[in-house]
Amino acid sequence: LGEAELQKARASGDKKWSMAAIRDAEHAVRLDDSLALAHSVLGRIYANAGREDDAIRELKTAIGIAPGNAEAPRELARVYNNLGRFKEAEASYLQATAARPTDWYAHLLLGLFYFDRERYSEAEAEYKKARELTPDNETVVRNLGVSLSEQGRYPEAIELFHQALKIKSYAQTYVALGAAYYYEHRYQDAVAAAETAIDLNSNDYNSWGNAGIYYKWLKGSKQKSAPSLRR
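Being a predicted model, the structure only gives us computed values, none of them experimental.

Engineer: For the packing of aromatic side chains, give the residues involved together with the corresponding values.
Structural biologist: Inspection of every chain in the model, using the stated rule, returns ten aromatic pairs. Within the aromatic cluster, the residues linked to one another by ring pairs are Y154, Y182, Y183, Y187, Y214 and W217. The ring of F86 carries R117 above its face, with NZ or CZ at 3.9 Å from the centroid. Above the ring of F113, the side-chain terminus of R117 is found at 5.0 Å from the ring centroid.

Quick look at the structure:
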């Protein structure tokens, strides 16, 4: 029940659901404080409510009860990361992947963590581990492509973006594809990708901004640049 109310809180932004989630998850812990799952869920709920110290306490309790569980260290890493405690966040992510090496999501989160630190080769390695576990996962394939693009490996990245689009047509993938085409000086392809991204999500300023930049480099399209950038 607490988990369901947490999802309602995230979806609606209504604090009443957050308070209900705290109430029910705390009650679960009172009913049986030896359950790692109860402490883990309560920790996630506290984190969502901005009660980081309480979240850390509950998640550490869950880890103490069930050291082999991957969810609690994964969530603890998120809390540390949001607090800017990056060393502790990395250690917790590594603990999560060690506890359950087959958890693709933990590898993805560790990859995202490394990517945000501009540790692109390490991010690539984690994304590849995630992809081995879930090869048809659009999010994993797209992020692997982005990590290669940041390393200047544009042809490889472009191939991965196309693979991701075969799984799911997603605006952010077209944004990334357009950028890779742009850096390869394939301006017509870059424009086409940016325009497709706009068709899929016309409220994303990145897509309009990128299109405005690409139009300047494509013969016969310069007049479209300024309106796109203004938008």
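Engineer: Give a detailed account of the pattern of salt bridges, specifying residues and quantitative values.
Structural biologist: The full count for this structure, using the stated rule, is 18 salt bridges. Note that E88 and R85 form a salt bridge whose closest N and O atoms lie 2.7 Å from each other. For E88, a relative accessible area of 33% translates into the label partly exposed. Residues joined by salt bridges that share partners form a network here, namely R51, D54, R57 and E58.

Engineer: Provide a residue-level description of unusual backbone geometry, including the pertinent values.
Structural biologist: Even without a glycine there, the phi angle at E118 is positive, about 65°. A residue is classified by how much of its surface remains accessible, and E118, at 59% relative accessible area, is exposed. Even without being glycine, H185 reaches a positive phi, approximately 65°. Classification of H185 by relative accessible area gives exposed; the value is 57%.

Analysis parameters
- Residues numbered from 1 in each chain as written.
- Predicted model: local features only at pLDDT ≥ 70, side-chain atom pairs only at ≥ 80, totals over all residues.
- Heavy atoms only, no water.
- Phe/Tyr/Trp six-rings, centres within 6.5 Å; stacked < 30°, edge-to-face > 60°.
- Lys NZ or Arg CZ within 6 Å of the ring centre and 35° of its normal.
- Salt bridge = Lys/Arg side-chain N within 4 Å of Asp/Glu carboxyl O.
- Buried < 20%, exposed > 50% of the residue type's maximum accessible area, 1.4 Å probe, protein only.

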